[in-house]
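For reference, the chains in residue letters:
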Amino acid sequence: MRTIVVLPTYQEAENIAGIIAAVLASPVAPDVLVVDDSSPDGTGDVVRGVAAGLPEGRVRLLTRPVKEGLGAAYRSGFAQAVALGYDAVVQMDADGSHPVSALVPMAAALAGGADLVLGSRYVPGGAVDDAWPWYRRLLSRGGNVYARVLLRSDITDLTGGFKMWRASLLARLDLDSLTAAGYAFQIQTTLAALELGARTAQVPILFTERTRGSSKMSRSIVAEAMVAVVRMRRHGAKLR
Ligand SMILES: Nc1nc2c(ncn2[C@@H]2O[C@H](COP(=O)(O)OP(=O)(O)O[C@H]3O[C@H](CO)[C@@H](O)[C@H](O)[C@@H]3O)[C@@H](O)[C@H]2O)c(=O)[nH]1
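Note that the structure is a prediction, hence the values are computed from the model and not measured. (Residues numbered from 1 in each chain as written. Predicted model: local features only at pLDDT ≥ 70, side-chain atom pairs only at ≥ 80, totals over all residues. Heavy atoms only, no water.)

Asker: Lay out the overall build of the protein in plain terms, naming residues and giving numbers.
Answerer: Counting its regular elements, the protein contains eight helices and nine strands. On C-alpha atoms alone, the protein measures out to a radius of gyration of 16 Å, which is about the 18 Å that the 2.2 N^0.38 rule sets for 240 residues. Considering only C-alpha atoms, the protein reaches an extent of 50 × 35 × 35 Å along its principal axes. A total of 240 residues make up the protein; the buried ones form 52% of that total. (Helix = DSSP H or I, 4+ residues; strand = E, 2+ residues; numbered from the N terminus. Rg over C-alpha atoms; globule rule 2.2 N^0.38 Å. Buried < 20%, exposed > 50% of the residue type's maximum accessible area, 1.4 Å probe, protein only.)

Laid out in structure tokens, this is it:
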């Protein structure tokens, strides 16, 4: 199953070479597409240097002119991944927070018939490491309970950012209508998949706090998610 891992980056120059190497070494043998919002720290240059030393197509870089949020980066990356004809598309953070080892059980779940496999911190065997600040744990847990109750979903980690998509499902999403800029995009895309009748599976993951660089989480991202979930409850994933 031809797989590509989409890595959104903003200021990940310290992390990106290591995460690319770990992904390429996975038994799933994925290619990589980095979606960089013109990071001023030279993330794009690091990616170009890594790609130059590899066979054509193993590592690709999609450069976007300005920082527009996680959702916009994934919309661009997913569209390109689908257009390139891959069978499976993975989304994950580029800071080492998501375990590359989970790609193997995720791929197995997809091969077993799931259309969307979510790496979950909140199923048996899943966890968040102690280094994650307490307020982030509280925000993550609270945000998931809030979203699950309002959206009546049994998906345990709606806000998580580590997922493997069957490309044919991703191609059916009207990505342009899923306009959340920040992390609400994670909830929005999973809800859109459920609205399409997607078969889902959850794989336990250990989420580990990044050791280099900084989170892009912000109050505006949290506020957007709070409002977006209420609108999704009323209108569905497309917010209208
Ligand atoms: N291209 C681009 N990439 C971005 C942007 N904002 C963040 N990213 C990238 O998205 C990934 C996650 O960003 P972080 O800022 O490190 O996320 P976090 O605080 O660790 O939040 C985690 O938890 C959220 C809620 O559970 C998740 O939604 C999120 O994906 C991530 O796993 C990183 O690779 C980061 O470079 C952006 O505006 N543009």
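There is more to say, and it comes next.
Asker: Describe the pairing of strand β2 (residues 31–36), and please don't skip the residues or the numbers.
Answerer: Judged by how many residues are buried, β2 sits mostly within the fold: six of six residues are covered. Neither face of β2 is open: one carries D31, L33 and V35, the other V32, V34 and D36, and all of them are buried. Inspection of the sheet shows strand β1 (residues 3–9) paired to β2 by six bridges, in the parallel sense. Its bridge partner being in β2, V5 is matched across the sheet by V32. Once the chain exits β1 it traverses helix α1 (residues 16–24) before rejoining the sheet at β2, and the crossover so formed is right-handed. Traced from β2 through helix α2 (residues 43–52) to strand β3 (residues 59–63), the parallel crossover comes out right-handed. (Pairing = 2+ DSSP bridges. Right-handed = clockwise from strand over helix to strand, strands pointing away.)

Asker: Explain the UniProt feature "domain: Glycosyltransferase 2-like" (unreviewed entry) in the protein to me, and be specific about the residues and the numbers.
Answerer: The sites that UniProt annotates as "domain: Glycosyltransferase 2-like" (unreviewed entry) are residues 5–171. When the span residues 5–171 is considered, its composition is 39% helix and 19% strand, and the gap between its end C-alpha atoms is 16 Å. (UniProt positions renumbered as here; feature names shortened; annotations may be inferred.)

Asker: Got a sec to walk through the confidence of the model for the protein? Specific residues and values, please.
Answerer: Chain-level pLDDT for the protein is 95 on average; 100% of the residues reach the 70-or-more range. As a predicted assembly, this complex carries a pTM of 0.96 together with an ipTM value of 0.96. (pLDDT = per-residue confidence, 0-100.)

Asker: For helix α8 (residues 219–235), give the residues involved together with the corresponding values.
Answerer: Here α8 spans 24 Å end to end across 17 residues, near enough to the 24 Å set by a 1.5 Å rise per residue. Every buried residue of α8 is listed here: I221, A225, A228, V229 and M232. Projection of α8 onto a plane perpendicular to its axis shows the buried side chains occupying an angular sector of 110 degrees, all on one side. Opposite the buried face of α8, at more than 90 degrees from it, the exposed residues are R219, S220, V227 and R234. Turning to α8, the residues buried within the fold contact α5 (134–151) and α7 (184–195). (Expected span 1.5 Å × (residues − 1). Arc of directions from axis to C-beta. Contact = heavy atoms within 4.5 Å.)

Asker: Hey, could you go over the side chain of N144 for me, with residue numbers and the actual values?
Answerer: Along the chain, the position of N144 falls in helix α5. Once you skip the residues sitting within four places of it in the chain, N144 turns out to touch R121, Y122, T156, D157, L158 and T159.

Asker: Residues and numbers for the packing of α7 against α8, please.
Answerer: For the pair α7 and α8, the least separation of the axes is 9 Å and the interaxial angle reads 20 degrees. Relative to α8, the element α7 lies roughly parallel. Note that α7 runs across α8; the crossing there is right-handed. Together, A184, I187, Q188 and L191 of α7 and E224, A225, A228, V229 and M232 of α8 make up the contact between the two elements. When its residues are assigned to classes, the contact of α7 with α8 shows seven nonpolar, one polar and one charged. (Axes fitted to C-alpha atoms, helices over the stretch in contact; angles between N-to-C directions. Parallel < 35°, antiparallel > 145°, perpendicular 65-115°, else oblique. Left-handed = near helix turned anticlockwise from the far one by under 90°. Nonpolar A, V, L, I, M, F, W, Y, C, P; charged D, E, K, R; others polar.)

Asker: Can you explain a nonpolar patch on the surface? Please cite residues and give values.
Answerer: Among the surface-exposed residues, W134, Y135 and L138 lie close enough to one another that they form a single nonpolar patch of about 420 Å² accessible area. Tracing the chain through its elements places Y135 in helix α5. (Patch = residues over 30% accessible without salt bridge, like charges linked within 9 Å, V, L, I, M, F, W, Y side chains within 5 Å. Areas by Shrake-Rupley, 256 points an atom, 1.4 Å probe, with all protein chains shown as cover. Salt bridge = Lys/Arg side-chain N within 4 Å of Asp/Glu carboxyl O.)

Asker: Give me the lowdown on the sheet that holds strand β8 (residues 200–204), citing residues and values where you can.
Answerer: The strand order across the open sheet built from seven strands is β3-β2-β1-β4-β7-β5-β8, with neighbouring strands paired in mixed fashion. Here the strands that pair on one side only, and so sit at the sheet edges, are β3 and β8. Going across the sheet, the axis of each strand differs from the next one's by a mean of 20 degrees, ignoring polarity. Judged from the four bridges that link them, strand β4 (residues 88–91) and strand β7 (residues 163–166) form a sheet pairing that is antiparallel. Across the sheet, A88 pairs through a bridge with R166, a residue of β7. Each of β1, β2 and β3 is contacted by α2, which is oriented at about 155 degrees to β3, the strand it contacts most.

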